[in-house]
Amino acid sequence: MSDALEAMREFVRAYPGADILSELAIDYTDSIPNCGGLFPSGLVEVARRRDILGNASVDCQYNFALYAAMEKAPGEDEAATYNASWLMGFQEWVQAQSMTGQAPSFGDDPRNESITAQNGALYSAEDGGTALYVIQISAKFTKNYGRKQNG
């Protein structure tokens, strides 16, 4: 498994409210309440720079979607409010972890990295009382590559 993928899974599991997710699978989540899934969507190269000495820097971004299946009967406000609070709490926690340097580091300059969790929303709901929520997670970082020496 990718080091970045495992680091992100452990980061999500470290959220104080993550105990409601009995499972945090990769690329899969069940429609049973309290199951979660982390769906990576790969590495994006945002920008590339090279200095006059041949050293290169690449600004990168990992993107993930966190899906969480939770209990929510149609029209029930109490469960919907709890679930929305959980989503917002997770997003606020990610922001705090990133701002205080407690989030995982993926690049070569942790001071200039950021992880965001945003757009938490209800994705789908079943009449049987299960709702699927999604949060987008992005990690922005820079990788540095030195010039190759010949000989």
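Bear in mind the structure is a predicted one, so any value in this text is a computation, not a measurement.

Attention shifts here to the sheet that holds strand β3 (residues 56-71). Taken together, the five strands give an open sheet; going across it, the order is β1-β2-β3-β5-β4, and neighbouring strands pair in mixed fashion. Of all the strands in the sheet, just β1 (23-26) and β4 (114-125) have a single pairing partner and so form its edges. Neighbour to neighbour, the strand axes of the sheet diverge by 25° on average, direction disregarded. Pairing geometry for β4 and strand β5 (residues 130-145), over nine bridges, is antiparallel. Paired with glutamine 118 across the two strands is glutamine 136, which belongs to β5. This element, helix α1 (residues 3-13), spans β1, β2 (35-50), β3, β4 and β5 of the sheet and lies at about 160° to β1. Most of the contacts of helix α2 (residues 77-99) go to β4, to which it runs at about 165°, and overall it touches β3, β4 and β5.

Glancing now at the packing of aromatic side chains. Think of a pair of aromatic rings as described by two things: how far the centres are apart, and how the planes are tilted against each other in angle. Taken as a whole, this structure holds twelve aromatic pairs when the rule is applied. Here the aromatic rings of tyrosine 15 and tryptophan 93 are separated by 5.5 Å at their centres, their planes lie at 55°, and the arrangement is tilted. A residue pair is termed long-range when its members are at least 10 positions apart, and tyrosine 15 in the loop between α1 and β1 and tryptophan 93 in helix α2 qualify at 78 residues.

In this section: unusual backbone geometry. Positive phi, close to 60°, is recorded for aspartate 27, a residue that is not glycine. Counting through the fold element by element, aspartate 27 comes out in the loop between β1 and β2. Its relative accessible area of 47% is what places aspartate 27 among the partly exposed residues. One non-glycine residue with positive phi stands out, namely asparagine 119, at about 60°. Mapped onto the elements of the fold, asparagine 119 is located in strand β4.

Thresholds applied
- Residues numbered from 1 in each chain as written.
- Predicted model: local features only at pLDDT ≥ 70, side-chain atom pairs only at ≥ 80, totals over all residues.
- Heavy atoms only, no water.
- Pairing = 2+ DSSP bridges.
- Helix = DSSP H or I, 4+ residues; strand = E, 2+ residues; numbered from the N terminus.
- Axes fitted to C-alpha atoms, helices over the stretch in contact; angles between N-to-C directions.
- Contact = heavy atoms within 4.5 Å.
- Phe/Tyr/Trp six-rings, centres within 6.5 Å; stacked < 30°, edge-to-face > 60°.
- Buried < 20%, exposed > 50% of the residue type's maximum accessible area, 1.4 Å probe, protein only.

That's the geometry; what it means functionally is another story.
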